[in-house]
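Here is how the chains run, residue by residue.
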Amino acid sequence: MGNGKAGRPGVLAITVVTGLLWASSPAAAQQAPAPLPTEQKGCLQAPETTEAGVPWAQQRMAVDRVWSLTKGAGVTVGVVDTGVDGNTPQLSGGRVKPGLDVTTPERKPANDDCFGHGTFVAGIIGAAVRPGTGFAGVAPEATILPIRCAITTEDGSPPVLTAAEMAKGIRAAVDGGARVINISASTDNPDPELAEAVRYAAQRDVVVVASAANTAQQGDPITYPASYPTVIAVGAIDMLGKKADFSQTGKFLSLVAPGVGVTSLGPGGAGHWVGSGTSYAAPFVAGVAALVRAYRPQLSAEQVKHRLEATADHPAAALPDARLGWGTVNAMAAVTTLLPEESGTAAPVVAAEPAPLPVPIRPDGPGEVVAVVATVSVPVLALLGLLVFRLCLGAKRRRWKRARVVEFSRPRTH
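Here we summarise the structure given alongside this text. (Residues numbered from 1 in each chain as written. Predicted model: local features only at pLDDT ≥ 70, side-chain atom pairs only at ≥ 80, totals over all residues. Heavy atoms only, no water.)

Turning next to the sheet that holds strand β8 (residues 180–183). Read from one edge of the open sheet, seven strands run β5-β6-β4-β8-β9-β10-β11, paired in parallel fashion. The outermost strands of the open sheet, each flanked by one partner alone, are β5 (100–101) and β11 (255–258). Sheet topology note: the strand β4 (residues 76–81)/β8 ladder contains three bridges and is parallel. Bridging across to β8, G78 finds its partner in I181. (Pairing = 2+ DSSP bridges. Helix = DSSP H or I, 4+ residues; strand = E, 2+ residues; numbered from the N terminus.)

Structure, rendered in structure tokens:
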């Protein structure tokens, strides 16, 4: 999902870019998860490896610094996708609601997931902290509402998602109590039903976050629902903070977040996969939106969108930038910053745990000695200056005559 292209208008094949393997340390590299399969037929197998270290995206986001203030408890995030496996260990314990499958007349629950895309997205949003892995979601106490709207293909290939099904999914998430909705899918068809569903969410004060698409190398078509004004459109950056080569650009882009070689969950087991795509950048932003809504419940959906954009790590460019939007989402700033326009309505700013200070680098050559000498010499020079000033003042009073001198003579000896 999130590539914005398919073989026929209005239909999106659920595909992502195969992920690169990133590791935070040699120990983690030995247990690095495999790339998420994107072209498999039939149900996705359970992941066989576990990320032992802290993935680069979690290090970059540093959301654990915010958890002393909020972990997203009390906020329901709708995942409009392929369903979410509620039995996956890091999402288990009742944190995944039954949800709704809008693709069939029976309207069955959607808390299972054959394809795995929705579970991967949900893991980035709200995977719980567990021993044995450094991977966790952005808002590990948020509740996940799965809405299945992806249509299964007859041959078992990855499902497809029409604009009409996306519209149904958004409405179902709103009606199901979601305060934040993540939709990691897009189409280049400006469908009226989809536009009306987004308007429906905005009228009911629901934050909608959507992936911008992976079609930067196919002409950058305008994609929906990302380009609707009330939607937070999210592009992808890599480990170096650069825009991913596949990530959609355009004036509608709101923010960027990690989307290359990011780690998350798979259905049917406790392990992890690694994947790439704007599909996986969007849930980082959705998770931060959940943190903000939990900590600042008085803010409207429009204010949350503005807050995330205003507190992002802005690029050195005119804003919003067509490649990076307002910049990289910053969880700490989004939760704690007191914006002037919210004066009198914002929650108190409570200092979260400070980030660890970097180890100072000792300078090469005599630089350190010079610094010490300079530090010591400043007060000495000041004292000498004061002494010279007083001597000159005394000489002026004597009209610059020589001061009287008292001589002590030695006693004469005979």
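Once that is clear, we can look at unusual backbone geometry. Here the bond from Y224 into P225 is cis, since omega is 10°, no more than 30 degrees from zero. Inspection of the secondary structure puts P225 in the loop between β9 (207–211) and β10 (232–237). With an omega of -5°, the peptide bond running from L319 to P320 counts as cis. Mapped onto the fold, P320 is located in the loop between α7 (301–310) and α8 (331–336). Phi is positive for R107, which is not a glycine, with a value near 50°. Mapped onto the elements of the fold, R107 is located in the loop between β5 and α3 (117–126). Notably, D205 is not glycine yet its phi reads approximately 60°, a positive angle. Mapped onto the secondary structure, D205 falls in the loop between α5 (192–203) and β9. For D205, a relative accessible area of 31% gives the class partly exposed. (Buried < 20%, exposed > 50% of the residue type's maximum accessible area, 1.4 Å probe, protein only.)

Attention now goes to the pattern of salt bridges. Within this structure, the stated rule accounts for eight salt bridges. For E165, the salt bridge goes to K168, with nearest N and O atoms at 3.5 Å. Within this pair, E165 and its partner K168 are both found in helix α4 (residues 163–175), separated by three residues, close to a single helical turn. What makes K168 partly exposed here is its relative accessible area of 38%. A network of salt bridges, in which partner residues are shared, links D101, D112 and R148. (Salt bridge = Lys/Arg side-chain N within 4 Å of Asp/Glu carboxyl O.)

Throughout the structure, instances matching the rule amount to two aromatic pairs. Summarising the aromatic geometry, the rings of F120 and Y280 are spaced 4.3 Å apart at their centres and angled 40° between planes, so their arrangement reads as tilted. A residue pair is termed long-range when its members are at least 10 positions apart, and F120 in helix α3 and Y280 in helix α6 (residues 278–295) qualify at 160 residues. With centroids separated by 5.2 Å and ring planes inclined at 45°, the aromatic side chains of Y224 and Y228 adopt a geometry described as tilted. With a relative accessible area of 15%, Y224 lands in the buried category. Lying across the ring of Y200, R171 places its NZ or CZ 4.5 Å from the centre. (Phe/Tyr/Trp six-rings, centres within 6.5 Å; stacked < 30°, edge-to-face > 60°. Lys NZ or Arg CZ within 6 Å of the ring centre and 35° of its normal.)

A few words on the nonpolar core. Grouped together as the largest cluster of nonpolar side chains are 63 residues, with contacts concentrated most on V209, V285, V288 and L308. Broken down by element, this core gets its largest block of residues, 12 residues, from α6. Not counting residues up to four positions away in its chain, the partners in contact with L308 are I232, L255, V285, V288, A289, V292, V329 and A334. (Core = buried A, V, L, I, M, F, W, Y, C linked by side-chain atoms within 4.5 Å. Contact = heavy atoms within 4.5 Å.)

Coordinates in, geometry out; function isn't part of it.
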